[in-house]
Amino acid sequence: MEPIISIKNLNKVYASGFEALKGVNLDIHKGEIFALLGPNGAGKTTLISAICGIVNPSSGEIFADGHNVVTEFRAARAKIGLVPQELTTEAFETVRSAVTFSRGLFGKPSNPAYIEKILKQLSLWEKRNAKMIELSGGMKRRVMIAKALSHEPQILFLDEPTAGVDVELRRDMWDMVRGLRDRGATIILTTHYIEEAEEMADRIGVINNGEIILVEEKSELMRKLGKRQLTLHLQSPIDSIPKELDSLPLELASDGHELIYTFDSQKEQTGIADLLRQLSKHDIDFKDLNSTQNSLEDIFVNLVRSDA
Amino acid sequence: MNFYAIRAIYLFEMARTARTLMQSIASPVLSTSLYFVVFGAAIGSRMGDIDGVSYGAFIIPGLVMLALLNESISNASFGIFFPKFSGTIYEVLSAPISFVEVVIGYVGAAASKSIVLGCLILATANIFVDYQIAHPFWMIAFLVLTAITFSLFGFIIGIWADNFQKLQVIPLMVVTPLTFLGGSFYSISMLPPIWQKITLFNPVVYLISGFRWSFVGTADVHIGISVGMTFLFMVLCLTFIWWIFRTGYRLRP
Ligand SMILES: Nc1ncnc2c1ncn2[C@@H]1O[C@H](COP(=O)(O)OP(=O)(O)O)[C@@H](O)[C@H]1O
Ligand SMILES: [Mg+2]
């Protein structure tokens, strides 16, 4: 299936000379929730801005639903809704007029019934005639979402949607995002919270220093997450793993001083008992053992560190 | 062409004017009226006729131009500067619209305001001063053309300015002096010969001269030249705006 967003060799060098994106290649599938995970300054906002037409790419190409976002910007942008990271609103405008304005700007004939629907969905209907300046931060965030949804986009970008957002709004937001996805929309959100990516996403991409360093199904990541390692510190080093133990997921480390056994903690049978029996059969003694669990956090930290 | 977008921007800008009616309409009408009272009714009664009309009637075209230029520039520059300043410009940049729609929306709204304002000032002037309009069609044509041209110019200033001071500096330091020296209050033929030549480098001279011709039927410069110069300035502004959007200058990093 053709990806809904396709990014090919995207580079962005800002006027200051700063290289914010370095040869980014990324495909987003239709109908998925994709989380772009990365520390502050990684280039998440720059990447989204390049797709949405807010930043000029320095080189490379971006396609949205098959349309080049530069040469066919009308077709491409009509499909995209964006909730930016910063809360920017016209202070003296009313909620309803702000949302109606967005719909018109994206080339759609006015549809008060639809606007009413999204305002109600986002618990904004009561506030429809309030000026933006009278709203709390959370309410403003809801308005930004309503604006992004006003033209019924197929692709929705949420740039750090839960930064500074209360629990209630967060829950509402996730419900809404899942609802949109169930109706066939594609959602791309950025975050630097791992739990958020874990909670929401179908796939996760990790970006650091302007480079995508990992793209993985969340389930695959979770499987890696479920992997545990048992490290046996041996009495005396061995040269190689005995032939009979070849079939086991064993690795020799620290010049033969350590034996590392990888197993799936979520399985009934970890095989540890069998391993220990085999070891004593081959006279391999150990003085200590410990086990570790890989968390997404570890994977992330390792990736980011090895990359730096 | 995305007509819904043009309409959305236009209506948004007009709503902003409606919210600030005192500042955007009432205050320029009032301040221009003061000129009519002081120069037209009070001082003008002691002055001789110029080009066959009373001094009060003579200065009306210049005063309308003065207000038209200032208001066109300040409306259009603020209209685009503010979204840039507040960050709401992201929405315009990410919308499926080209610079043509953006310019028609913002500049169209700014020019509309100026035209309404120009008409209000003319109506107010009638209270204090007697005047005739020799060529009503050309009067309207000049009004509209000037409003559009200087709204385009204001739009450029609004994009160029990255702080409030820059937003004010061109109107205050360049446009106001050029307007005052452009023959708002005198006929160019009243200047010493050398200044008559120098003053022709002032683009505002052509606007005021042309506009005054449509009222009194005589002018410092030929009407054809006036129209031509105004169009030339408009084309320059349009070219510059096209370049801005093509390169993303001060809009898209
Ligand atoms: N307009 C700009 N000019 C120069 N550098 C910029 C600009 N915008 C962002 N940057 C830099 O690009 C890098 C990536 O920024 P950004 O995309 O906002 O990161 P993130 O959203 O992942 O936190 C940062 O180091 C930031 O300082
Ligand atoms: Mg960001």
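Structure first, text after, so check above.
Residues numbered from 1 in each chain as written. Chains lettered and ligands numbered in written order. Predicted model: local features only at pLDDT ≥ 70, side-chain atom pairs only at ≥ 80, totals over all residues. Heavy atoms only, no water.

A. Fine view of the packing of helix H6 (residues 136–160) of chain B against helix H7 (residues 164–180) of chain B. All names here are of chain B. Close contact between H6 and H7 brings their axes to 8 Å; oriented N to C, the two are set at 135°. The angle between H6 and H7 places the two elements in the oblique class. Residues Phe-153, Ile-157, Gly-158 and Trp-160 of H6 touch H7, and the partners they reach there are Lys-166, Leu-167, Val-169, Ile-170 and Val-175. Looking at the contact of H6 with H7 residue by residue, the classes come out as 7 nonpolar, 1 polar and 1 charged. (Axes fitted to C-alpha atoms, helices over the stretch in contact; angles between N-to-C directions. Helix = DSSP H or I, 4+ residues; strand = E, 2+ residues; numbered from the N terminus. Parallel < 35°, antiparallel > 145°, perpendicular 65-115°, else oblique. Contact = heavy atoms within 4.5 Å. Nonpolar A, V, L, I, M, F, W, Y, C, P; charged D, E, K, R; others polar.)

B. Just the layout of surface pockets, in detail. All names here are of chain B. In this structure, the largest pocket occupies an estimated 930 Å³ of space. In this structure, the largest pocket is lined by 32 residues; those nearest its centre are Gln-23, Ser-24, Glu-71, Ser-74 and Asn-75. Every element with two or more residues in the lining of the largest pocket is listed here: helix H1 (3–19), helix H2 (21–43), helix H3 (55–86) and H7. When the residues that make up the lining of the largest pocket are grouped by side-chain class, the tally is 14 nonpolar, 13 polar and 5 charged. Considering only enclosed or pocket space, the second largest pocket measures out at about 430 Å³ in volume. (1 Å grid on protein atoms, 1.4 Å probe; cavity = no way out; pocket = protein on both sides within 12 Å on 5 of 7 lines; lining within 4 Å. Points joined across faces, edges and corners; volume = space filled by probe spheres on them.)

C. Structural context of helix H1 (residues 44–52) of chain A. Residues and elements named next belong to chain A. With 8 of its 9 residues buried, H1 lies for the most part within the structure. Regarding H1, the residues found buried are Lys-44, Thr-46, Leu-47, Ile-48, Ser-49, Ala-50, Ile-51 and Cys-52. One or two steps after H1, the chain reaches Gly-53, where phi turns positive at roughly 95°. (Buried < 20%, exposed > 50% of the residue type's maximum accessible area, 1.4 Å probe, protein only.)

D. Broad picture of the sheet that holds strand E2 (residues 19–28) of chain A. All names here are of chain A. Here we have 4 strands laid out as an open sheet, ordered E2-E1-E4-E5, and antiparallel in their pairing. This sheet does not close on itself; its edge strands, each paired only once, are E2 and strand E5 (67–68). Running at roughly 115° to strand E1 (residues 5–13), H1 makes contact with E1, E2 and strand E4 (59–64) of the sheet. (Pairing = 2+ DSSP bridges.)

E. Focus on the site of ligand 1. All names here are of chain A. Close to ligand 1 lie Tyr-14, Ser-16, Phe-18, Ala-20, Pro-39, Asn-40, Gly-41, Ala-42, Gly-43, Lys-44, Thr-45 and Thr-46, which account for all nearby residues. Contact distances for ligand 1 include 2.7 Å between an oxygen atom and a backbone N or O atom of Gly-41. Considering ligand 1 on its own, with 560 Å² of exposed area, one finds that the protein chains cover 65% of that surface. Per-element tally for the shell around ligand 1: the top contributor is H1, with 3 residues. Grouping the constituent residues of the shell around ligand 1 by class yields 5 nonpolar, 6 polar and 1 charged. (Near = heavy atom within 4 Å. Polar contact = N/O pair within 3.5 Å; in protein donor to acceptor, adjacent residues only side chain to side chain. Areas by Shrake-Rupley, 256 points an atom, 1.4 Å probe, with all protein chains shown as cover.)

F. Representation of the coordination of the magnesium ion (ligand 2) within the structure. Residues and elements named next belong to chain A. The protein atoms that coordinate the magnesium ion (ligand 2) are Thr-45 (OG1) and Gln-85 (OE1), at distances of 2.0 to 2.2 Å. With Thr-45 in helix H1 and Gln-85 in the loop between strand E6 (80–83) and helix H3 (95–105), this pair connects stretches of sequence that are 40 residues apart. Given a relative accessible area of 31%, Thr-45 falls into the partly exposed group. Judged by relative accessible area, Gln-85 falls into the partly exposed class, the value being 28%. (Donors = N, O, S within 2.8 Å, 3.2 Å for Na, K, Ca; no water.)

G. Highlighting the side chain of Ser150(A). Here Ser150(A) shows up in the loop between helix H5 (137–149) and strand E7 (155–159). Not counting chain neighbours up to four residues away, the residues in contact with Ser150(A) comprise Val99(A), Ser102(A), Arg103(A), Tyr114(A), Ile115(A) and Ile118(A).

H. Geometry of unusual backbone geometry. You will see that Asp283(A), though not glycine, has its phi angle at about 60°, which is positive. As for its position among the elements, Asp283(A) is in the loop between helix H9 (272–281) and strand E14 (286–293). Phi at Arg250(B) is positive, roughly 60°, even though this residue is not glycine.

I. Here's a closer look at the packing of helix H5 (residues 99–128) of chain B against helix H10 (residues 223–247) of chain B. Residues and elements named next belong to chain B. Two elements in contact, H5 and H10, have axes whose closest approach is 10 Å; the angle formed by their N-to-C orientations is 130°. With respect to H10, the axis of H5 lies oblique. Note on packing geometry: the crossing formed by H5 with H10 is right-handed. Between H5 and H10, the contacting residues are Phe-99, Val-102 and Val-103 on the first element and Ile-241, Trp-242 and Phe-245 on the second. Of the residues in the contact of H5 with H10, the class split is 6 nonpolar, no polar and no charged. (Left-handed = near helix turned anticlockwise from the far one by under 90°.)

J. Local environment of empty space enclosed by the protein. Counted under the stated rule, the structure contains 5 cavities of 30 Å³ or more. In this structure, the largest cavity occupies an estimated 140 Å³ of space. Lining the largest cavity are 15 residues, with Glu90(A), Phe101(A), Lys147(A), Thr88(B) and Glu91(B) positioned closest to its centre. For the lining of the largest cavity, the secondary-structure elements that each account for two or more residues are H3 of chain A together with helix H4 (89–94) of chain B. Element by element, the count of residues in the lining of the largest cavity is highest for H4(B), at 3 residues. By residue class, the composition of the lining of the largest cavity is 8 nonpolar, 3 polar and 4 charged. Within this model, the second largest cavity holds a volume of roughly 50 Å³.

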